[in-house]
Amino acid sequence: MSEVLKGIAASDGVAVAKAYLLVQPDLSFETVTVENTDNEEARLDAALAASQGELQAIRDKAVSSLGEEAASVFDAHLMVLSDPEMIGQIKETIRAKKTNAEHALKEVTDMFITLFENMDDNPYMQERAADIRDVAKRVLANLLGVKLPSPAMINEEVVVIAHDLTPSDTAQLDRKFVKAFITNIGGRTSHSAIMARTLEIPAVLGTNNITELVKDGQLLAVNGITGEVVIEPSEETQEEFHKAGEAYKALKAEWEQLKDAKTETADGKHFELAANIGTPKDVVGANDNGAEAIGLYRTEFLYMDSQDFPTEDEQYEAYKAVLEGMNGKPVVVRTMDIGGDKELPYFDLPKEMNPFLGYRALRISLSEKGDGMFRTQIRALLRASVHGKLRIMFPMVALLTEFRAAKKVFDEEKANLLNEGVSVADDIQVGIMIEIPAAAMLADQFAKEVDFFSIGTNDLIQYTMAADRMNEQVSYLYQPYNPSILRLINNVIKAAHAEGKWAGMCGEMAGDQIAVPLLVGMGLDEFSMSATSVLKTRSLMKKLDTKQMEELANKALTETSTMEEVVALVNEYVPEIQ
Ligand code: PEP
Ligand code: MG
């Protein structure tokens, strides 16, 4: 009997494939006294050998799909596995305490982890602690006879099921085999959703308990457009899903015709359609989808995919690659937005009650601890600026003084580079993201000093509604069409225009088909979205008349009080939106 459930539709597309459970198994064990310590040592040796075989296979796969450098983390793991001192101590503990291998392994590795972690400000040692933790988990799993999931090793078509997917989990998923993914938590604007759209993998998030409902290998039908998931679908349901998948492909083929077309409304007004990217590799997708610019390059992925702080030269190469890849089209690079749900293993961030309201993004960059990191990034950006049309923006700005402090670092580093004889472009625009209501309210003041705004609605909505964007229990409060949000956005656009500046949007709302007519009506200049939404939006814009959209926006701003009323109004003005 098939079971149907509904989650949050997070990335378009349809798939029917077997489930692959990416969940951590239970690794609990009991401590027991043993007489035959030789037997425990033999069990340990067998578990070490099995772990070595697994890690070697994962490493080989990582080399072929991600390159030598990305695979280096597994070399460190293999080294831990063959560390004679640690293994000697585990065996010694088995003999001395007459205890089982599981307990001895845990006791000794915990001691090493604590030792390394206490070597405070040394990122190298912190990493060693993380390596030992990972390896100990694998050996323990082998001792207990349970399997650890390894997404990089997937080699058949599957639907990945997980509680949540971190950006690095998501990056390991191979598009060839991973046909969709479904998670317990997360919403349309969580980073796993954004990654899914970049990779064009259909995704349904926020199902609450999919990991409990589905067993490894069970057949699933997934629709990332409607959020529907069917466990063990009948032949008939499978057929229905296949048809929906075909219909979606046909629509995509239609949109693809617009790849080289201008973005114009029915009355001939141009709006800039840009793509959001996370790595230089995503530039290919942006160009393939006909993006006219990069409206948001989330540089924190450069830090997250690295074993240590990326150097100035490494960053320079990445920024240069993006600028050159876009061939003179504008590229808006956001300085790093670490914190919130984005952690760095080598950067010791405090554990906070409310990380989304805490020490993150520009707040880190402007603190003593983050100053060096921030200056390195600004220098790398300035050096890369000669390779294209660079725009820089700062995330999470609440205060005008924060913008001024960040701009001062930009000016200082620019002067330093020029003194060193390094060329820097002289037309770099410097702007801010508007994602904190305080900045949206004071946009008229900011507009006098910045070159542009880019509205980050993913955060702006979470902060305006006081609703965590990662929490599916409150996901109903993610209301991009709520009149309160529309008024804030309108305020920002009008404030920018009053000072002759441009206003863009790089939150997910910019590619939302209900929101686009309203934003056109409010006069938003630039729309930046997942590359895969660009052509769909270009197709929609061709159907809109700006005068009519202005009327629609005015009505929405002044005559509605709920999101539902706004949606009804949009449907009345633009009945063809699906
Ligand atoms: C936003 O907040 O809307 C945004 C674009 O930034 P991020 O999703 O990376 O927080
Ligand atoms: Mg944000």
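Residues numbered from 1 in each chain as written. Chains lettered and ligands numbered in written order. Predicted model: local features only at pLDDT ≥ 70, side-chain atom pairs only at ≥ 80, totals over all residues. Heavy atoms only, no water.

Chemist: Can you break down helix 23 (residues 563-573) residue by residue, with the values?
Modeler: When helix 23 is considered as a whole, its buried residues turn out to be Met 563, Val 566, Leu 569, Val 570 and Tyr 573. Each buried residue of helix 23 lies within a common arc of 120 degrees when the element is viewed along its axis, so the set occupies one face. Facing away from the buried side of helix 23, by more than 90 degrees, are the exposed residues Glu 564 and Glu 572. Contact partners of the buried residues in helix 23: helix 19 (483-498), helix 20 (515-522) and helix 22 (546-559). (Buried < 20%, exposed > 50% of the residue type's maximum accessible area, 1.4 Å probe, protein only. Helix = DSSP H or I, 4+ residues; strand = E, 2+ residues; numbered from the N terminus. Arc of directions from axis to C-beta. Contact = heavy atoms within 4.5 Å.)

Chemist: Residues and numbers for unusual backbone geometry, please.
Modeler: Note on backbone geometry: most residues besides glycine have negative phi, and most peptide bonds are trans. The residue Asn 327 is not glycine, and still its phi comes out positive at about 55 degrees. Here Asn 327 is to be found in the loop between helix 12 (312-325) and strand 11 (330-334). We note that Ala 466 has phi near 55 degrees; this positive angle belongs to a residue other than glycine. The class for Ala 466 is exposed, based on a relative accessible area of 70%.

Chemist: Give a detailed account of the coordination of the magnesium ion (ligand 2), specifying residues and quantitative values.
Modeler: Around the magnesium ion (ligand 2), the donor atoms from the protein are Glu 435 (OE) and Asp 459 (OD), and they sit 2.0 to 2.2 Å away. Note that Glu 435 is positioned in the loop between strand 13 (429-434) and helix 16 (437-441) and Asp 459 in helix 18 (residues 457-465), a separation of 24 residues in sequence. Comparing Glu 435 with Asp 459, the two get one shared label, buried. (Donors = N, O, S within 2.8 Å, 3.2 Å for Na, K, Ca; no water.)

Chemist: Which residues make up the environment of Ala 415, and what values do they have?
Modeler: Relative to the assigned elements, Ala 415 resides in helix 15 (residues 400-419). Accessibility expressed as a relative area gives 38% for Ala 415, which makes it partly exposed. Separated by 240 residues in sequence, Ala 415 and Arg 175 place their C-alpha atoms 45 Å apart.

Chemist: Explain the packing of helix 12 against helix 14 (residues 368-384) residue by residue, including any values.
Modeler: One way to put it is that helix 12 packs onto helix 14 with a least axis distance of 8 Å and a crossing angle of 40 degrees. The orientation of helix 12 relative to helix 14 falls into the category oblique. Both helix 12 and helix 14 take part in a crossing whose hand is right-handed. Residues Glu 312, Asp 313, Gln 315, Tyr 316, Tyr 319, Lys 320 and Leu 323 of helix 12 touch helix 14, and the partners they reach there are Thr 376, Gln 377, Arg 379, Ala 380, Leu 381, Arg 383 and Ala 384. For the contact of helix 12 with helix 14, the class distribution of residues is 6 nonpolar, 3 polar and 5 charged. (Axes fitted to C-alpha atoms, helices over the stretch in contact; angles between N-to-C directions. Parallel < 35°, antiparallel > 145°, perpendicular 65-115°, else oblique. Left-handed = near helix turned anticlockwise from the far one by under 90°. Nonpolar A, V, L, I, M, F, W, Y, C, P; charged D, E, K, R; others polar.)

Chemist: Can you break down the sheet that holds strand 10 (residues 293-298) residue by residue, with the values?
Modeler: Spatial strand order, 9-10-11-12-13-14-15-16: 8 strands in a closed barrel with parallel pairing. Neighbour-to-neighbour, the strand axes of this sheet turn through a mean angle of 25 degrees, independent of strand direction. Pairing between strand 15 (residues 502-505) and strand 16 (residues 526-530): 2 bridges, direction parallel. Directly across from Met 505, in strand 16, lies its bridge partner Phe 527. (Pairing = 2+ DSSP bridges.)

Chemist: Residue-level account of the site of ligand 1, with values.
Modeler: Near ligand 1, the surroundings consist of 15 residues, among which Arg 298, Arg 334, Gly 456, Asn 458 and Arg 469 are the closest. Note that an oxygen atom of ligand 1 is positioned 2.9 Å from one of the side-chain N or O atoms of Glu 435. Here an oxygen atom of ligand 1 and a side-chain polar atom of Arg 469 are 2.8 Å apart. When isolated, ligand 1 has an accessible area of 290 Å², and the protein chains bury 100% of it. Among the elements of the structure, strand 10 and helix 18 are those that each provide at least two residues to the shell around ligand 1. Tallied by class, the residues present in the shell around ligand 1 amount to 3 nonpolar, 5 polar and 7 charged. (Near = heavy atom within 4 Å. Polar contact = N/O pair within 3.5 Å; in protein donor to acceptor, adjacent residues only side chain to side chain. Areas by Shrake-Rupley, 256 points an atom, 1.4 Å probe, with all protein chains shown as cover.)

Chemist: So what's going on with the domain arrangement of the chain? Which residues, and what values?
Modeler: Segmenting the chain into domains produces domain 1 (3-23 + 151-253), domain 2 (37-144) and domain 3 (257-577). Counting from both sides, the interface comprises 20 residues of domain 1 and, opposite them, 18 residues of domain 3. Between domain 1 and domain 3 lies a buried interface of about 1,700 Å² when both sides are counted; carbon and sulfur atoms form 54% of it. On the domain 1 side of the interface with domain 3, the three residues burying the most area are Thr 189, His 191 and Arg 197, jointly 34% of the side's total. Counting across the interface, domain 1 meets domain 3 through 2 salt bridges. (Domains from an automatic or database assignment. Buried area = accessible area lost by both parts, 1.4 Å probe. Salt bridge = Lys/Arg side-chain N within 4 Å of Asp/Glu carboxyl O.)

Chemist: Provide a residue-level description of the pattern of salt bridges, including the pertinent values.
Modeler: The full count for this structure, using the stated rule, is 36 salt bridges. The residue Arg 133 makes a salt bridge to Glu 117 at a minimum N-O spacing of 2.9 Å. You can see Arg 133 sitting in helix 5 (residues 123-144) and its partner Glu 117 sitting in helix 4 (residues 101-117), a full 16 residues away along the chain. Asp 131 is the salt-bridge partner of Arg 128, the closest N and O atoms lying 2.5 Å from each other. With Arg 128 and Asp 131 both in helix 5 and 3 residues apart, the pair spans about one turn of that helix. With respect to class, Arg 128 is no different from Asp 131; both count as buried.

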